[in-house]
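# Topology and contacts: notes
Chain residues, written in single-letter form:
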Amino acid sequence: MSDTNYEILAQRSDKVIYKDGDTVVKMFDSNFSKAEVLNEALNQARIEETGLNVPKLLEVGVVDGKWSIRLEYIPGKTLAQLMEENPDKIDEYLDLFVDIQKEIFSKQAPLLNKIKDKFNRKISASRFDATTRYELHTRLDSMKDHKKICHGDFTPSNIIITPDGDYYILDWSHVTQGNAAADAARTYMVFCLKGMDELADRYLHLFCKKTDTALQYVQRWMPIVACTQSVKGKPEEQEFLERWVNVVEYE
């Protein structure tokens, strides 16, 4: 790590992301799962091979007993920043946001983990009772199997717009392959969890219009996605997520 251009970009409980010259380094805590770090790097490499605009993976290494992933640095602003700075352009940005998501769905990466496998594991690991878990497993089972790339955390803060107007998609640690409606349900839910209900609704209606997807079909994924999110155990989210999961009982 050079001392000259060292700048922290983001800090989480288990990782630090910093800029080092013209690269970005994601440094994980010493107790972070080695398998998860290597899987994230592998995901990044597989997505890179699809031709999507993503930062290039440059290196996976260990520094002072901590695993790290080094990526190409992409200058610019996130779509979230641009939305905040230019509220009058929100429709234009939302339009671009959905178009980028459609571009992701147009690609395939057959070696990625399947979204249904991931969701089934998370439902089993959740704290909901056996009856609710059974209903969720059954609902998930009934959903169509697709092979589209699903980002897993597709939000405006994970899109960088460069000064030239190009876009790059960041953070592929949660990527899977599967049903696009599941990924749309997750994006909708992330907006709601941030208190952006109006933007969530606008996003979802635009997504359904642009992809010719029934709104009700995306909504059928909501309890499943809420359950998978609940496994993260964030206390401030639990009440909201439980309301969504309990929709299963009333349908």
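As a reminder, the structure under discussion sits directly above these lines.
Residues numbered from 1 in each chain as written. Predicted model: local features only at pLDDT ≥ 70, side-chain atom pairs only at ≥ 80, totals over all residues. Heavy atoms only, no water.

Pairing is antiparallel across the open sheet formed by 5 strands, whose spatial order is 1-2-3-5-4. The strands lining the two open edges of the sheet, one partner per strand, are strand 1 (7-11) and strand 4 (57-63). Strand-to-strand twist in this sheet, taken as the mean axis angle between neighbours without regard to direction, amounts to 25 degrees. (Pairing = 2+ DSSP bridges. Helix = DSSP H or I, 4+ residues; strand = E, 2+ residues; numbered from the N terminus. Axes fitted to C-alpha atoms, helices over the stretch in contact; angles between N-to-C directions.)

Turning next to the sheet that holds strand 6 (residues 77-78). Taken in spatial order, the 3 strands make up an open sheet running 6-8-9, and their pairing is antiparallel. The open sheet has two edge strands with one neighbour each: strand 6 and strand 9 (167-169). In this structure, strand 6 lies alongside strand 8 (residues 159-161), joined through 2 bridges in antiparallel fashion. For T78, the partnering residue across the bridge sits in strand 8 and is I160. Running over the sheet, helix 3 (residues 90-105) touches strand 8 and strand 9 and is turned about 55 degrees from strand 9. (Contact = heavy atoms within 4.5 Å.)

Moving on, we come to the nonpolar core. Across soluble globular proteins, you tend to see nonpolar side chains buried next to one another. Within the largest apolar cluster, 57 residues are counted, with the highest numbers of intra-cluster contacts made by W172, Y203, V218 and W221. Sorting elements by how many residues they give to this core places helix 6 (residues 180-193) first, with 9 residues. Here W172 is in contact with N43, Q44, I47, L52, V54, I104, I149 and H151, once residues within four sequence places are set aside. V37, A41, I69 and L71 belong to the second-largest nonpolar core, a separate cluster that totals 6 residues. (Core = buried A, V, L, I, M, F, W, Y, C linked by side-chain atoms within 4.5 Å. Buried < 20%, exposed > 50% of the residue type's maximum accessible area, 1.4 Å probe, protein only.)

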